[in-house]
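Fold and contact review
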Amino acid sequence: MALIIDKIREDFPILKETIYNKPLVYLDNAATTQKPQVVLDKLIEVYTKYNANIHRGVHYLSNKATTETENARLTVQKFINAQHSHEVIFARGATEGINLVAHSFGEKFIHAGDEIIVSEMEHHSNLVPWQMVAEKRGARLVKWAFNQAGELELNELEKLISDKTRIIAVNQVSNSLGTINPVKEITALAHRHQVAVLIDGAQAVQHLKVDVQELDCDFYVFSGHKIYGPTGIGVVYGKEGWLNQMPPYQGGGEMIESVSFEKTTYNQLPFKFEAGTPNYADSIALATAIDYLTALGLDDIATYEKELLDYAEAKLLTIPGLEIVGTAKKKTSVVSFNIKGLHAYDVGTLLDKMGIAVRTGTHCTEPVMIHYGISGTVRASFAFYNTRDEIDRLHQGLLKVIELFA
Ligand code: PMP
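Every chain begins its residue count from 1, and numbering advances along the sequence as written. Under the rules for a predicted model, residues below a pLDDT of 70 receive no local features and side-chain atom pairs below 80 are neither given nor counted, while totals for whole chains, interfaces and linings still include all residues. Only hydrogens and water are removed before side-chain values are computed, so all heavy atoms of the structure are retained for them.

1. Quick notes on the sheet that holds strand β10 (residues 234–238)
Two strands pair under a simple rule: DSSP has to find at least two bridges between them. A run of H or I in DSSP counts as a helix once it spans at least four residues, and a run of E counts as a strand once it spans at least two, with each numbered from the N terminus. Strands sit in the order β4-β10-β9-β8-β7-β5-β6 across an open sheet of seven strands; the sheet is mixed. Each edge of the sheet is formed by a strand with only one pairing partner; in this case those strands are β4 (88–91) and β6 (140–144). The mean inter-strand angle of the sheet, taken between neighbouring strand axes irrespective of direction, is 20°. Summarising the sheet, strand β7 (residues 165–171) and strand β8 (residues 196–200) pair through five bridges and their orientation is parallel. Helix axes are fitted only over the stretch in contact, all axes being lines through C-alpha atoms; the angle between N-to-C directions runs from 0 to 180 degrees.

2. Let's talk about the domain arrangement of the protein
According to the domain assignment, the protein consists of domain 1 (5–30 + 297–405) and domain 2 (40–294). Domain boundaries shown here were taken from an automatic or database domain assignment. A straight line from the C-alpha centre of domain 1 to that of domain 2 covers 28 Å. Should any heavy atoms of two residues lie within 4.5 Å, those residues are counted as being in contact. Taken together, the contact between domain 1 and domain 2 spans 36 residues of the former and 32 residues of the latter. Taken together, the two surfaces of domain 1 and domain 2 that pack against each other cover about 2800 Å², and 55% of this comes from carbon and sulfur. Using a 1.4 Å probe, buried area is obtained as the accessible area two parts lose upon being combined, added over both of them. Contact with domain 2 buries area across many residues of domain 1, yet L298, T332 and H371 alone supply 22% of it, more than any other trio. Any Lys or Arg side-chain nitrogen located within 4 Å of an Asp or Glu carboxyl oxygen qualifies as a salt bridge. Our count for the domain 1 to domain 2 interface comes out at two salt bridges. For E151, the salt bridge goes to K329, with nearest N and O atoms at 3.4 Å.

3. Quick notes on the packing of helix α2 (residues 37–49) against helix α10 (residues 280–296)
At a minimum axis distance of 9 Å, the contact between α2 and α10 shows a crossing angle of 150°. Considering the angle they form, α2 stands roughly antiparallel to α10. In terms of crossing hand, the pair formed by α2 and α10 is right-handed. In this structure, α2 uses V38, V39, K42, L43, V46 and Y47 to contact α10, whose residues at the interface are A281, D282, I284, A285, T288, A289 and Y292. Class assignment for the residues of the contact of α2 with α10 results in ten nonpolar, one polar and two charged. Convention used here: angles under 35 degrees read as roughly parallel, angles over 145 as roughly antiparallel, angles from 65 to 115 as roughly perpendicular, and any remaining angle as oblique. By the definition used in this description, the sense in which the near helix is turned from the far one sets the handedness, with an anticlockwise turn below a right angle giving left-handed and a clockwise turn giving right-handed. Basically, the charged four are Asp, Glu, Lys and Arg, the nonpolar ten are Ala, Val, Leu, Ile, Met, Phe, Trp, Tyr, Cys and Pro, and anything else, Gly included, counts as polar.

4. Section: the sheet that holds strand β16 (residues 359–361)
Taken in spatial order, the four strands of this open sheet run β13-β14-β17-β16, and their pairing is antiparallel. Sheet topology places β13 (322–325) and β16 at the edges, where each strand pairs with a single neighbour. In this sheet, adjacent strand axes meet at a mean angle of 30° when their direction is disregarded. Two strands pair when backbone bridges link them, and strand β14 (residues 334–339) and strand β17 (residues 377–381) are joined in this way by four bridges, in the antiparallel orientation. The residue of β17 that forms the bridge with F337 is V378.

5. Looking at helix α7 (residues 183–192)
Exposure classes here rest on a 1.4 Å probe applied to the protein chains alone. A residue is buried below 20% of its type maximum, exposed above 50%, and partly exposed in between. Within the sequence span of α7, burial applies to V183, I186, T187, L189 and A190. Summarising the axial view, the buried residues of α7 lie within an arc of 165°, below the 170-degree limit, and thus occupy one face. Directly beyond the C-terminal end of α7, a positive phi value near 55° is found at Q194. Directions drawn from the helix axis to the C-beta atoms are what define this arc.

6. Re the site of the ligand
Distances are taken per atom, and a residue is near a molecule or strand as soon as one of its heavy atoms is within 4 Å of it. Close to the ligand lie A94, T95, H123, S125, N175, D200, A202, Q203, S223, H225 and K226, which account for all nearby residues. N or O atoms closer than or at 3.5 Å make up a polar contact, with two conditions inside protein: a donor-capable atom paired with an acceptor-capable one, and, for residues adjacent in sequence, both atoms drawn from side chains. H123 is positioned such that a nitrogen or oxygen atom in its side chain is 3.1 Å from a nitrogen atom of the ligand. Between the ligand and the protein, one listed contact pairs an oxygen atom with a side-chain N or O atom of S223 at 2.7 Å. Here the ligand has 400 Å² of accessible area as a free molecule, and 86% of this is covered by the chains. Shrake-Rupley sampling with a 1.4 Å probe provides the accessible areas, and residues are treated as covered by the protein chains on show and by no other component.

This is the structure in structure tokens:
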């Protein structure tokens, strides 16, 4: 069923805002997405009806908040089709999730002389933690370079895997190029060599149906705020077999089974990895966001966003001197571009004055910019609430920017 965009837009109060007296055109969805009213209402509901610290209370409010949080875990489990709910760990976001896996997996399974393969198109949050772990463990980071279109090639990966490789870290979708990577094939190849795979799904779960059992990945992470949920909450999925063997990432309350002054034994999954008071309010509202998205239907979302992408790319390419960076055959709704003779920052600043929000710069992927020999790009990233009219406004805005600089 086709999405009814006018009706959907009504669900997002911020889309009615005006910026410098112009209707907002929000095209920065890869950085963060806007929140539907149901998510905002859920946060109010938690704090006004059953706010209490979870898991250790005997009173009604605490039990209610605990039940809602554990229901949220079940919602996430179903959403990514994890085999067990205790394979779903709540973290602050994709960044904290990757750090958790990198440090904990690294401490147990990465030793001096081992190798970690990381793709060249990773967000800094899926590169820097691995650099830190490599340095700490005396391991070596191996770069999986992408081709000129911004695609990762499996035959190149095969050449990089050795008997020293312990893990491959790769995104399912690139935030700066929009490339959709063949993560199922990557995992199958890695597993033929007994290598684990972490998939950064921060730019994937809001656009594509994800089934972690079908992908067979060892770890999968994403952030709530990029999937129409609150900030400060995210998810780490890990296969039970790995998580049970890995040491806790942080120590504190909740993650313990028993503590004496001399020694601590750790709680079972998932709590072993959730030290301290968890962000239960945002977990609960994340589940609301997932329910909202699921009700719209990810297949319909993907179809509509692909239409937006095709429309935007065709329209923008009519602009003289405009070049798209990232021309993979399979992409989500992200268009990174530069206009000859103009600095991305200037383009973004002038678009802002027209009420159009885009992102400019390196998008936390400096190695991608180094690959192309550019200082950055302008990035327009679309969500299901964006429209062709908004893309037309971006197009007109860009023509105006060119005129101003002429
Ligand atoms: N990975 C990718 C591909 C991203 O786009 C982002 C956010 N831009 C992150 C990881 C980090 O997400 P967060 O900042 O929400 O932790």
